[in-house]
Amino acid sequence: MKLAVLSRQSNLYSTKRLVEAAVERGHDVQVIDHLQCDIMIEQNALSMYYKGEKLDGFDAVIPRIGASVTFYGTAVLRQFEMMDVFSANRSIAITRSRDKLRSMQMLAAAGLGLPKTAFTNYSKEEKQIVQNMGGAPLIIKLLEGTQGLGVVLAETIKAAKSVIEAFHGLKARIIVQEFIKEAKASDIRAFVVNGEVVGAMKRTGKEGEFRSNLHRGGTAELIKLKRSEKAAAVKAADAMGLSIAGVDMLQSDRGPLILEVNSSPGLEGIEKATEKDIAGKIIEYVEQNYQNKRGRKRNA
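Just so we're clear, the structure is a prediction, and the values are computed from it rather than from any experiment. (Residues numbered from 1 in each chain as written. Predicted model: local features only at pLDDT ≥ 70, side-chain atom pairs only at ≥ 80, totals over all residues. Heavy atoms only, no water.)

K.L.:
What exactly am I supposed to notice about the pairing of strand β4 (residues 45-50) here?
P.N.:
Side chains on a regular strand alternate between the two faces of the sheet. Where strand β3 (residues 37-42) meets β4, six bridges bridge the pair, whose relative direction is antiparallel. Paired with M40 across the bridge in β4 is S47. In this antiparallel pair of consecutive strands, β3 and β4, the connection spans two residues, and N44 shows a positive phi of 60°. Of the pairings in the sheet, the one linking β4 to strand β5 (residues 53-54) comprises two bridges and is antiparallel in character. Across the sheet, Y50 pairs through a bridge with E53, a residue of β5. Counted between consecutive antiparallel strands, the loop separating β4 from β5 contains two residues, among which K51 sits at a positive phi close to 55°. (Pairing = 2+ DSSP bridges. Helix = DSSP H or I, 4+ residues; strand = E, 2+ residues; numbered from the N terminus.)

K.L.:
For this particular structure, what's the right way to read the environment of Y290?
P.N.:
Mapped onto the fold, Y290 is located in helix α9 (residues 278-299). Assessed through its relative accessible area of 12%, Y290 is described here as buried. Put simply, Y290 and G205 are 85 residues apart on the chain and 39 Å apart in space, counted from C-alpha to C-alpha. At 3.0 Å, the side chain of Y290 forms a polar contact with the side chain of D59. (Buried < 20%, exposed > 50% of the residue type's maximum accessible area, 1.4 Å probe, protein only. Polar contact = N/O pair within 3.5 Å; in protein donor to acceptor, adjacent residues only side chain to side chain.)

K.L.:
When you look at the packing of helix α2 (residues 70-82) against helix α3 (residues 91-98) in this model, what are you seeing that I'm missing?
P.N.:
Two quantities define a packed helix pair, namely the angle between the helix axes and the distance between the axes. Look at α2 against α3: their axes get within 9 Å of each other, and the N-to-C directions meet at 160°. Of the possible angle classes, the one that applies to α2 and α3 is roughly antiparallel. Seen along the crossing, α2 lies across α3 with a hand that is left-handed. Taken together, the residues of α3 that come into contact with α2 (itself represented by T70, T74, L77, R78 and E81) are S91, I94, T95 and R98. (Axes fitted to C-alpha atoms, helices over the stretch in contact; angles between N-to-C directions. Parallel < 35°, antiparallel > 145°, perpendicular 65-115°, else oblique. Left-handed = near helix turned anticlockwise from the far one by under 90°. Contact = heavy atoms within 4.5 Å.)

K.L.:
What exactly am I supposed to notice about the environment of E287 here?
P.N.:
As for its position among the elements, E287 is in helix α9. Since its relative accessible area comes to 23%, E287 is described here as partly exposed. With 227 residues separating them in the primary sequence, E287 and A60 have C-alpha atoms 8.7 Å apart. Leaving out residues up to four positions away in the same chain, E287 has contacts with M1, R25 and H27. Within the local environment of E287, its side chain forms a polar contact with the side chain of H27, the two groups lying 2.6 Å apart.

K.L.:
What exactly am I supposed to notice about the nonpolar core here?
P.N.:
Soluble, globular proteins show a tendency: their nonpolar side chains are buried together. By size, the foremost hydrophobic cluster in this structure holds 42 residues, and its most contacted members are I32, L55, F80, L107, V247, I258 and V261. The element contributing the most residues to this core is helix α7 (residues 227-240), with six residues. When neighbours within four sequence positions are excluded, F80 is seen to be in contact with L6, I32, M48, L55, F58, V61 and V85. By size, the runner-up hydrophobic cluster in this structure holds 26 residues, among which are L3, A21, I62 and V286. (Core = buried A, V, L, I, M, F, W, Y, C linked by side-chain atoms within 4.5 Å.)

K.L.:
For this particular structure, what's the right way to read the sheet that holds β3?
P.N.:
By definition, the strands of a sheet pair up through backbone hydrogen bonds, in either a parallel or an antiparallel sense. Spatially, three strands are ordered β3-β4-β5 in an open sheet, and the strand pairing comes out antiparallel. The open sheet has two free edges, formed respectively by β3 and β5, since each of these has just one partner strand. Its contacts with the sheet place α2 against β3 and β4, and it is angled at close to 50° to β3.

K.L.:
So what exactly am I meant to see when it comes to a positive patch on the surface here?
P.N.:
Where like charges cluster on the molecular surface, the positive patch consists of K224, K230, K276 and K281. Of note, K224 is situated in the loop between β14 (219-222) and α7. Here K224 falls in the exposed class, since its relative accessible area comes to 79%. (Patch = residues over 30% accessible without salt bridge, like charges linked within 9 Å, V, L, I, M, F, W, Y side chains within 5 Å. Areas by Shrake-Rupley, 256 points an atom, 1.4 Å probe, with all protein chains shown as cover. Salt bridge = Lys/Arg side-chain N within 4 Å of Asp/Glu carboxyl O. Lys, Arg positive; Asp, Glu negative; His and termini not counted. Charge placed at Lys NZ, Arg CZ, Asp CG, Glu CD.)

K.L.:
What exactly am I supposed to notice about the packing of α3 against helix α4 (residues 100-109) here?
P.N.:
Two elements in contact, α3 and α4, have axes whose closest approach is 5 Å; the angle formed by their N-to-C orientations is 100°. Taken as axis vectors, α3 and α4 run roughly perpendicular relative to one another. Contact residues: R96, S97 and R98 in α3; K100, R102, S103 and M106 in α4. Considered class by class, the residues forming the contact of α3 with α4 number one nonpolar, two polar and four charged. (Nonpolar A, V, L, I, M, F, W, Y, C, P; charged D, E, K, R; others polar.)

Laid out in structure tokens, this is it:
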């Protein structure tokens, strides 16, 4: 196959591992910075240029699109899709997963467990919001936050009201969530590829830190998931329409609670914690689906 990996930087761990895994399996692979692509649209003719050169002949594309460039990154990916190139994750699924509020609505509709969550349109009723959530402590998150940034733990009702008021004063979109005490500053990242959990790790925040993100100094260790946790991860990825996903969840007294479904999950933490070739699993999935696509074309 001729593969494209959409990534801003070729030296990132995840990008390098995908390239290595593809080359090991005999594929021709090119790393493409999606922000340097030019989309050309004409009647009955779609094309794309990268650094002045026309992109042509690709069989499949693996998107590694950062949250800050979702709009243009998914536009480039959509162009590939419309040029009949197989995509490891569809553009619409990535867009859907990047909207935290929309994704939580979809996860709830799919019957998945979630922390109790509130969202308002800059309401002045901070006291009522806190009361509706059952009091403090509460987690307050920016809708656009990533890697643990824009997440605040409000330990008292007074603190929660002040933080909500401050964010609303800045016209920042936020969600308010219940604090799951029994999770003990830990969460689970389940890595799903093609409807199967191929690896899982437990992430724990450093001492005094309630956020478990590895970017915030957290640690990761191998974990054996319960059947209910595996099922929840697969169902969450499916609800988002993602074939490749990092599903973050909390262990609670009422079962697994989904926090987020990540459409471009990093490979470094999960590969080191599990000592598994997760990049290879992704390439195998792309191979399988590209072959299926070719078979359907021959039979058409």
